[in-house]
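Read off the chains here:
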Amino acid sequence: MASSTVICDTEPWKNLRDHVEDIKKTHLRDLMTDTKRCQSMMVEFDGLLLDYSRQCATLETMDKLFKLAEAANLKQKIGRMYNGEHINSTENRSVLHIALRAPRDSVIQSDGKNVVPDVWKVLDKIREFSETVRNGSWVGATGKALTDVISVGIGGSFLGPLFVHTALQTGLTLKPADPEASKFAKGRQLRFLANVDPVDVARNITGLNPETTLVVVVSKTFTTAETMLNARTLREWISSALGPSAVAKHMVAVSTNLKLVEEFGIDTNNAFAFWDWVGGRYSVCSAVGVLPLSLQYGFSVVEKFLKGASSIDQHFYSAPFEKNIPDQCTQGTSSEMMNRFHCPVLSCMFHYALVLLGLLSVWNVSFLGYPARAILPYSQALEKFAPHIQQVSMESNGKGVSIDGVPLPFDAGEIDFGEPGTNGQHSFYQLVHQGHVIPCDFIGVVKSQQPVYLKGEVVNNHDELMSNFFAQPDALAYGKTPEQLRNENVPQHLVPHKTFSGNRPSLSLLLPSLNAYNIGQLLAIYEHRIGVQGFLWGINSFDQWGVELGKSLASQVRKQLNAARTKGKPVEGFNHSTTSLLKRYLEASSDVPSDPCTLLPQI
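Since this is a predicted model, take the numbers as computed values, not measurements.

**Q** Help me understand helix 18 (residues 461-478) in this model?
**A** Over its 18 residues, helix 18 runs 26 Å from end to end, which matches the ideal 26 Å to within 8%, given 1.5 Å per residue. Along helix 18, the sharpest kink reaches roughly 25°, centred on Ala471 and followed within four residues by the proline Pro473. Along helix 18, the residues classified as buried are His462, Leu465, Met466, Asn468, Phe469, Gln472, Pro473, Leu476 and Ala477. On its buried side, helix 18 packs onto helix 2 (28-31), helix 17 (429-434), strand 12 (440-445) and strand 13 (506-511). Put simply, Asn460 is the residue that caps the front of helix 18, since its side-chain oxygen is 3.0 Å from the backbone nitrogen of His462. Just beyond helix 18, the residue with positive phi is Gly479, at close to 65°.

Written as structure tokens, this is what we have:
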């Protein structure tokens, strides 16, 4: 049962708060000279290498953080999630995105029922449907193959699938001789329509032929305002070109509201289910992501993605706090800490690091006072990863009260942002190096998806990229002192401008490659990290009431705009500022017809 005690009232929290003063007396350039400390802060699993030695933390800090985890009942909370208990108490739901990628023979209960067979029933349906579309058995209304897909959804129905698609699309033709890779996505397109802005519609349909286009409408309730308006727009685009009867051949749904799906004109046999125990931002492994991605790449590729995520799920749940470790792993490190929490050097103890990532984020935000986190993948293929994690993190943990409704007397949640390296270096790294302290996640990949070699160059393109991946964390950690600058004969008036304080925390995650399996692993690592943060803060990371108020107010504005456009009614019922803005908007767009004929983008 949840406790009304706020975590900051516990002794471990108070001990960590006192410990901050000790950490402020240290500097990363000194901590990094401790080889045993650095060795203990590197962990490897399945080709992944995590290095958190550049965090502003000592082994004593780690010990205190794990005691905080014990005070927060972290192990029990993780167990409750995996056991299907209704840990999303405000919506009275289980939280089981882990079931979406569980092996077929797994048993994961929700309300007394094993949900895994239902998951695989949908996955098998997706496999069969995507194969019929890809092999040309399923064709459009005019008999042409459906080679182009537009996935219509917003929020978690968009950001997660877009991240995976962007990560996969440049890597699957790396080895044309591979019999699987040669058939993945050749001759196919996948686009995502999210924003209700008509410009987004225009960009998505530009260059596409309705005859060869399949639209996937993603809305659990089939009532999401933006998604359904976009869906109706694409339905008009298809029916105006091919006739109303073509909708059943060119549109499918990911939804549980079969009644509205049928009323829309979509065959309910082509509706793919997901469940209320899946939050939107955690739904990429459901039909929300698996269907459009399978249509583009084939189910076999997406299944590898699911297996990668599942591999992390299983390690996250592997008794992260209790198993003792071999004696040889305790050398140079607190034996008490090692016996309680495993040796971080062993690959079989990777679950330790998964918990640790969440602990360190809480340390940085709530104790060191660093509210933001920069996600910096040194891979252009991961350009959509930070926006996805931005939603997962900020929608999950952007809360001001505990799960019991008690106002939090401390800061929770992170401000997440990011950009691929080296682009970000020429954008916001100035602030990261010499402005606000922002903990950074550096994500690198050993093997490039698209290697380039130029004769006569000092290094190849990927080595140039990775040179920056390795250099930036040290630059943040060590900085550059005035003494060093003077020794380099830097003019005195420039010394303050060229001084770098250093002592800026970061961690580095090195992936062996960027294939579907590794992409799944990366996703699950961050999902569980965010969950650990919420469990420690004592908040509900799986509801999102903060998005509701703005939507409710938008409904009032929508009614006002309709009344003003169609009946000439004056703007009323709003404050002075909003009234003035609405009047200006209506006056400046008075040429909009009150009863318009259908008009689609003309690009």
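**Q** How do you make sense of helix 16 (residues 385-397) when you look at a structure like this?
**A** An α-helix turns once per 3.6 residues; consequently, residues spaced three or four apart project the same way. Over its 13 residues, helix 16 runs 18 Å from end to end, which matches the ideal 18 Å to within 8%, given 1.5 Å per residue. What helix 16 keeps buried is the set Phe385, Ala386, His388, Ile389, Gln391, Val392, Ser393, Ser396 and Asn397. Of the surrounding secondary structure, the elements contacted by the buried residues of helix 16 are helix 7 (159-168), strand 10 (372-377), strand 11 (415-418), strand 12 and helix 21 (516-537).

**Q** How should the pairing of strand 8 (residues 251-254) be read in this particular structure?
**A** Consecutive residues of a regular strand have side chains that alternate between opposite faces of the sheet. Residues Met251 and Ala253 point to one face of strand 8 and Val252 and Val254 to the other, with burial holding for every one of them. Direction of pairing for strand 7 (residues 213-218) relative to strand 8: parallel, over a ladder of four bridges. Across the sheet, residue Val216 finds its bridge partner in strand 8, namely Val252. By the bridge criterion, two bridges tie strand 8 to strand 9 (residues 271-272) in an arrangement that is parallel. Bridge pairing in strand 9 links Val254 to Phe272. Regarding the hand of the β-α-β motif, the stretch spanning strand 8, helix 11 (residues 258-264) and strand 9 is right-handed.

**Q** Even after reading the chapter, I still don't get the packing of aromatic side chains, so can you show me in this structure?
**A** Aromatic ring pairs are reported here in terms of the distance separating the ring centres and the angle at which the planes meet. All chains considered together, the criterion is met by 19 aromatic pairs. An angle of 90° between the planes, with centres 5.7 Å apart, marks the rings of Phe222 and Phe264 as edge-to-face. Taken together, the residues span a long stretch of sequence, with Phe222 in the loop between strand 7 and helix 9 (225-242) and Phe264 in helix 11 at a distance of 42 residues. An aromatic cluster is defined as three or more aromatic residues linked by ring pairs; in this entry it consists of Trp13, Trp363, Phe367 and Phe410. Positioned above the aromatic ring of Phe272 is the side chain of Lys125, whose terminal nitrogen or guanidinium carbon lies 4.9 Å from the ring centre.

**Q** Looking at this structure, how should I read the sheet that holds strand 2 (residues 48-51)?
**A** Backbone-to-backbone hydrogen bonds pair the strands of a sheet. The strands run either parallel or antiparallel. Spatial ordering of the open sheet is given by 1-2-13-12-10-11, a layout of six strands whose pairing is mixed. Since the sheet does not close on itself, it has two edges, and those belong to strand 1 (42-45) and strand 11, each with one partner. Ignoring strand direction, the axes of neighbouring strands in this sheet form an average angle of 15°. One ladder, built from four bridges, connects strand 10 with strand 12; its direction is parallel. The residue bridging Pro377 from the neighbouring strand is Ile443, located in strand 12.

**Q** It is not clear to me how the packing of helix 1 (residues 11-24) against helix 4 (residues 59-71) should be interpreted in this structure. Could you clarify?
**A** The axes of two packed helices give the description: the angle between them and the distance between them. Interaxial distance between helix 1 and helix 4 falls to 9 Å at its minimum, and their mutual angle equals 160°. Overall, the two elements helix 1 and helix 4 adopt an arrangement that is roughly antiparallel. Crossing angle aside, the handedness with which helix 1 passes helix 4 is left-handed. Where helix 1 approaches helix 4, its residues Pro12, Trp13, Asn15, Leu16, His19 and Ile23 are matched on the opposing element by Glu60, Thr61, Lys64, Leu65, Lys67, Leu68 and Ala71. Broken down by class, the residue content of the contact of helix 1 with helix 4 amounts to seven nonpolar, three polar and three charged.

**Q** Mind showing me how you'd approach the packing of helix 22 (residues 548-567) against helix 23 (residues 576-588) here?
**A** Close contact between helix 22 and helix 23 brings their axes to 12 Å; oriented N to C, the two are set at 40°. Classed by the angle they form, the pair helix 22 and helix 23 counts as oblique. Taken as a pair, helix 22 and helix 23 cross one another with a handedness that is right-handed. In this structure, helix 22 uses Val557, Gln560, Leu561, Ala564 and Arg565 to contact helix 23, whose residues at the interface are Leu582, Tyr585 and Leu586. Here the contact of helix 22 with helix 23 is composed, by residue class, of six nonpolar, one polar and one charged.

**Q** How do you make sense of the pattern of salt bridges when you look at a structure like this?
**A** Side chains that carry opposite charge are capable of pairing whenever their charged atoms lie near each other. Under the counting rule described, the total for this entry stands at 19 salt bridges. For Arg80, the salt bridge is made with Glu85, and the minimal N-O distance between the two is 2.8 Å. What makes Arg80 partly exposed here is its relative accessible area of 27%. Owing to a relative accessible area of 36%, Glu85 belongs among the partly exposed residues under this scheme.

**Q** Help me out: how do you make sense of the environment of Lys77 in this one?
**A** With respect to the element layout, Lys77 can be found in helix 5 (residues 74-82). Between the C-alpha atom of Lys77 and that of Gly531, which follows or precedes it by 454 residues, the distance is 9.8 Å. Each residue touching Lys77, except ones within four places of it in the same chain, is listed here: Ala72, Phe535 and Gly538. Among the polar contacts made by the side chain of Lys77, one reaches the main-chain carbonyl oxygen of Ala72 at a distance of 3.0 Å. Within the local environment of Lys77, its side chain forms a polar contact with the backbone oxygen of Phe535, the two atoms lying 2.8 Å apart.

**Q** Would you mind going over the environment of Ile603 with me for this structure?
**A** Relative to the elements of secondary structure, Ile603 occurs in the segment after helix 23. On the accessibility criterion, Ile603 (73% relative accessible area) is exposed. Sequence separation between Ile603 and Ala185 is 418 residues, and the spatial gap between their C-alpha atoms is 26 Å. Not counting the four nearest positions on each side in its chain, Ile603 is found in contact with Ala202 and Thr206.

**Q** Just to check I follow, could you spell out the nonpolar core for this structure?
**A** Side chains of nonpolar character tend, in soluble globular proteins, to be buried together. By size, the foremost hydrophobic cluster in this structure holds 128 residues, and its most contacted members are Phe305 and Trp363. Ignoring anything within four residues of it in the chain, the contact list for Trp363 reads Leu16, His19, Val20, Ile23, Cys56, Ala57, Thr61, Leu65 and Leu368. Val217, Met228, Met251 and Val261 belong to the second largest nonpolar core, which has 24 residues in total.

**Q** Looking at this structure, I do not really get empty space enclosed by the protein. What am I missing?
**A** Summary: where empty space remains is shown by rolling a probe the size of a single water molecule over the atoms. One pass over the structure, following the stated rule, counts three cavities of 30 Å³ or more. Considered as a void within the structure, the largest cavity measures approximately 50 Å³ in volume. The wall of the largest cavity is formed by Gln55, Leu360, Ser361, Asn364, Arg373, Glu414, Pro439, Asp441, Leu507 and Arg529. Of all the elements, helix 15 (residues 350-367) adds the most residues to the lining of the largest cavity, at three residues. Of the residues that constitute the lining of the largest cavity, the class distribution is three nonpolar, three polar and four charged.

Reading the values: rules and limits
Residues numbered from 1 in each chain as written. Predicted model: local features only at pLDDT ≥ 70, side-chain atom pairs only at ≥ 80, totals over all residues. Heavy atoms only, no water. Helix = DSSP H or I, 4+ residues; strand = E, 2+ residues; numbered from the N terminus. Expected span 1.5 Å × (residues − 1). Bend = angle between axes of the 7 residues up to and from the residue. Buried < 20%, exposed > 50% of the residue type's maximum accessible area, 1.4 Å probe, protein only. Contact = heavy atoms within 4.5 Å. Polar contact = N/O pair within 3.5 Å; in protein donor to acceptor, adjacent residues only side chain to side chain. Pairing = 2+ DSSP bridges. Right-handed = clockwise from strand over helix to strand, strands pointing away. Phe/Tyr/Trp six-rings, centres within 6.5 Å; stacked < 30°, edge-to-face > 60°. Lys NZ or Arg CZ within 6 Å of the ring centre and 35° of its normal. Axes fitted to C-alpha atoms, helices over the stretch in contact; angles between N-to-C directions. Parallel < 35°, antiparallel > 145°, perpendicular 65-115°, else oblique. Left-handed = near helix turned anticlockwise from the far one by under 90°. Nonpolar A, V, L, I, M, F, W, Y, C, P; charged D, E, K, R; others polar. Salt bridge = Lys/Arg side-chain N within 4 Å of Asp/Glu carboxyl O. Core = buried A, V, L, I, M, F, W, Y, C linked by side-chain atoms within 4.5 Å. 1 Å grid on protein atoms, 1.4 Å probe; cavity = no way out; pocket = protein on both sides within 12 Å on 5 of 7 lines; lining within 4 Å. Points joined across faces, edges and corners; volume = space filled by probe spheres on them.

In short, the description is geometric, and any link to function would need to be established separately.
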